[in-house]
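Chains, contacts and geometry: an overview
These are the residues of each chain, in order.
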Amino acid sequence: MGQFEKKLSKKRRGLLADLEGKILEVGAGTGINFQFYGKNTEVIAVEPSLDMAKRARLKIPNGSNITIMEHGVNAQAVIDVIPNESLDAVVSTLVLCTVPNVELAIQNFYKWLKPSGKLILIEHIRPKTSLKGKVFDFINPAWKVVGDGCNLNRNTDQLIKNAGFVPTYEKYYDMGLPWYEGVFTRRKKG
Ligand SMILES: C[S@@+](CC[C@H](N)C(=O)[O-])C[C@H]1O[C@@H](n2cnc3c(N)ncnc32)[C@H](O)[C@@H]1O
């Protein structure tokens, strides 16, 4: 494991180990988060890449309750199996930079989470300084091509808050790119 993933691994454990109940993991990749889920969890992991999904299946720990769906998060097949206000947590690590129509995905998270549910994020975001932000905007089209659809310049922190999520914990930090992690709940209505 490289230094970068070692740091991330601590963050993943810290944010995921106490979750309970029904969880949606978005873009599970190779299933790196699966080891961190506790016993009282039932996880639907969506992953549109068949190759990644195959690798993730091999990482499902014995005795855990993890189902992988080979779809993007906004696919109708996913929407059809997740009732509104049914989830205790949505987990998105290193994914919202890539998801097409990220606003719709975030709206779906809001709709699918119980009022007491949590959204857990670790994502890289657009730099906050004007010059760096502009540089990232400039290189993004090329980056997106070589980076499998990854965008360097998404204001994911703002998108989450604009969609009605409130952080109970949030942290901004630099690990080569500007990163943002947080735990969010739905803003109370009224
Ligand atoms: C950089 S990987 C992150 C994997 C893992 N979540 C992690 O923390 O290492 C991004 C993943 O998002 C997946 N992805 C891309 N578009 C997606 C979508 N629309 N819905 C869900 N996952 C998507 C990719 O296939 C890829 O496996």
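Conventions used here
Residues numbered from 1 in each chain as written. Predicted model: local features only at pLDDT ≥ 70, side-chain atom pairs only at ≥ 80, totals over all residues. Heavy atoms only, no water. Phe/Tyr/Trp six-rings, centres within 6.5 Å; stacked < 30°, edge-to-face > 60°. Lys NZ or Arg CZ within 6 Å of the ring centre and 35° of its normal. Helix = DSSP H or I, 4+ residues; strand = E, 2+ residues; numbered from the N terminus. Expected span 1.5 Å × (residues − 1). Buried < 20%, exposed > 50% of the residue type's maximum accessible area, 1.4 Å probe, protein only. Contact = heavy atoms within 4.5 Å. Near = heavy atom within 4 Å. Polar contact = N/O pair within 3.5 Å; in protein donor to acceptor, adjacent residues only side chain to side chain. Areas by Shrake-Rupley, 256 points an atom, 1.4 Å probe, with all protein chains shown as cover. Nonpolar A, V, L, I, M, F, W, Y, C, P; charged D, E, K, R; others polar.

**Side note on the packing of aromatic side chains**
Per the stated rule, a full pass over the model turns up four aromatic pairs. Ring geometry for Tyr172 and Tyr180: centres 4.5 Å apart, planes at 40°, overall tilted. Through pairs of rings, three or more aromatic residues link up here, namely Tyr172, Tyr180 and Phe184. For Lys11, the ring lying beneath its charged end belongs to Tyr173, and the centroid distance is 3.9 Å. Sitting above the plane of the Tyr110 ring, Arg186 keeps its charged end 4.7 Å from the centroid.

**Side note on helix 1 (residues 3-16)**
Residues three or four positions apart in an α-helix share a direction because the helix packs 3.6 residues into each turn. The end-to-end C-alpha distance of helix 1 is 20 Å, a good match for the 20 Å that 14 residues give at a rise of 1.5 Å each. Those residues of helix 1 lying buried are Glu5, Leu8, Ser9, Lys11, Arg12, Leu15 and Leu16. Looking at the packing, one finds that the buried side of helix 1 touches strand 4 (87-93), strand 5 (113-124), strand 6 (165-175) and strand 7 (177-186).

**Notes on the site of the ligand**
The environment of the ligand is made up of 18 residues, and the closest members are Arg12, Gly27, Glu47, Val73 and Thr93. In this structure, Gly27 approaches the ligand through a main-chain N or O atom, which is 2.7 Å from a nitrogen atom. A distance of 2.6 Å separates an oxygen atom of the ligand from a polar atom in the side chain of Thr93. Relative to its free-state accessible area of 600 Å², the ligand is covered by the protein chains to the extent of 80%. Its residues assigned to classes, the shell around the ligand comprises ten nonpolar, six polar and two charged.

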